[in-house]
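The primary structure of each chain is shown beneath.
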Amino acid sequence: MPDVPPRRLALLGGGFSTEDDGLLDDWLLGQARTPRPKVCFLPTASGDALAYTARFLTAFRTRPSCAPSVLSLFQRTLDDEALRAYLLAQDVVYVGGGNTANLLAVWRVHGVDRLLSEAYDHGTLLCGISAGANCWAEASHTDSFGPLTSLPDGLGLLPGSICPHYDSEPGRRSSYHSAVGSGALPAGWALDDGTGALFTDGSLTEAVTRAPGAHVYRVQAEETGEGVQERALPCRRLPRTPDAGGLLP
């Protein structure tokens, strides 16, 4: 029987769209299954914003260690067969931030949700920031509808819930605690900006940070049914280099 590849997801609290040092994106590329991975950017959550796409291409075309491309769904050019072939050929699918609810709706209309699940089962590394992290789990904490709320409507590739921007957006932490404590969201993972979390077959296998004091957290309801338990997880500090905009530690 052929070997079954590990199924891997990476949640990002940063990257090319928010930082200039490239540390999280370099870490991400290091997780790919090939030395020069094909990396597809999906800017669906931003409505395929041109400036966002341009920033991705600028950041990744300068890396000789990858072959970047962009998939637009608002100006789609591929038929169903070509779309499937294209996505299954990717080593990394990188999903940008924006509106989580809109992202999921557009993907489902075009069948991209099913194709990404198929790619995941075949060993493609799925990843993303903000909405691009939210989408992979069963549920997420989102501002897709204006105020922060619960969205129990993700792809379900990762058990539980996701909360991005845990340390940087007012109300995120307390609102997520309330949602998990009340049962509106299942237990899950919260990411400070500047962190990354790698999951293999649904289990956390590495957490990293580019900034001191930034963490990945496990948040779950107390067994007593009152309040929540928040646990900061050990994070490996990503080393800075002169080329990454900083001095060696």
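First things first, this report covers the structure right here in the doc.

Rules of the game
Residues numbered from 1 in each chain as written. Predicted model: local features only at pLDDT ≥ 70, side-chain atom pairs only at ≥ 80, totals over all residues. Heavy atoms only, no water. Helix = DSSP H or I, 4+ residues; strand = E, 2+ residues; numbered from the N terminus. Buried < 20%, exposed > 50% of the residue type's maximum accessible area, 1.4 Å probe, protein only. Contact = heavy atoms within 4.5 Å. Pairing = 2+ DSSP bridges. Axes fitted to C-alpha atoms, helices over the stretch in contact; angles between N-to-C directions. Core = buried A, V, L, I, M, F, W, Y, C linked by side-chain atoms within 4.5 Å. Left-handed = near helix turned anticlockwise from the far one by under 90°. Nonpolar A, V, L, I, M, F, W, Y, C, P; charged D, E, K, R; others polar.

### So, the environment of Ala 190
With respect to the helices and strands, the residue Ala 190 is situated in strand 9 (residues 188–191). For Ala 190, a relative accessible area of 0% corresponds to the buried category. In this structure the C-alpha to C-alpha distance between Ala 190 and Tyr 166, which are 24 residues apart in sequence, comes to 6.0 Å. Every residue in contact with Ala 190, bar those within four places of it in the chain, is listed here: Cys 163, Tyr 166, Tyr 176, His 215, Val 216, Tyr 217 and Val 219.

### Here's the deal with the sheet that holds strand 7 (residues 149–151)
Spatial ordering of the open sheet is given by 7-6-8-9-12-13, a layout of six strands whose pairing is mixed. Each end of this open sheet is capped by a strand with a single partner; those strands are strand 7 and strand 13 (228–233). Strand after strand, the sheet turns through a mean of 25 degrees between neighbouring axes, direction not considered. Judged from the three bridges that link them, strand 6 (residues 137–142) and strand 7 form a sheet pairing that is antiparallel. By the bridge assignment for strand 7, His 141 is matched with Ser 150. The sheet contacts of helix 7 (residues 172–182) involve strand 6, strand 7, strand 8 (158–163), strand 9, strand 12 (216–221) and strand 13, and relative to strand 12 the element is tilted by about 35 degrees.

### Structural notes on the nonpolar core
Leu 87, Trp 107, Leu 116 and Trp 136 are the most contacted members of the largest nonpolar core, which totals 38 residues. It is helix 4 (residues 100–110) that contributes the most residues to this core, five residues altogether. In this structure, Leu 116 is in contact with Leu 42, Leu 87, Val 93, Trp 107, Leu 126 and Trp 136, ignoring residues within four places of it in sequence. Residues Ala 32, Leu 57, Cys 66 and Val 92 belong to the second largest nonpolar core, which totals 25 residues.

### A short note on unusual backbone geometry
Among all residues save glycine, negative phi is the norm, and among peptide bonds the norm is trans. Positive phi values are uncommon outside glycine, yet His 165 reaches one of about 55 degrees. Tracing the backbone shows His 165 in the loop between strand 8 and helix 7. In the Ramachandran plot, Asp 201 falls in the positive-phi region, its phi being about 50 degrees despite a non-glycine side chain. Relative to the helices and strands, Asp 201 resides in the loop between strand 10 (195–200) and strand 11 (203–209). Assessed through its relative accessible area of 44%, Asp 201 is described here as partly exposed.

### Structural notes on the packing of helix 3 (residues 80–88) against helix 5 (residues 112–121)
Packing of helix 3 against helix 5 leaves a shortest axis separation of 9 Å and a crossing angle of 35 degrees. In the packing of helix 3 onto helix 5, the handedness of the crossing is right-handed. Only Val 112, Leu 115, Leu 116, Glu 118 and Ala 119 of helix 5 make contact with helix 3, whose side of the interface consists of Leu 83, Arg 84, Leu 87 and Leu 88. Its residues placed into classes, the contact of helix 3 with helix 5 shows seven nonpolar, no polar and two charged.

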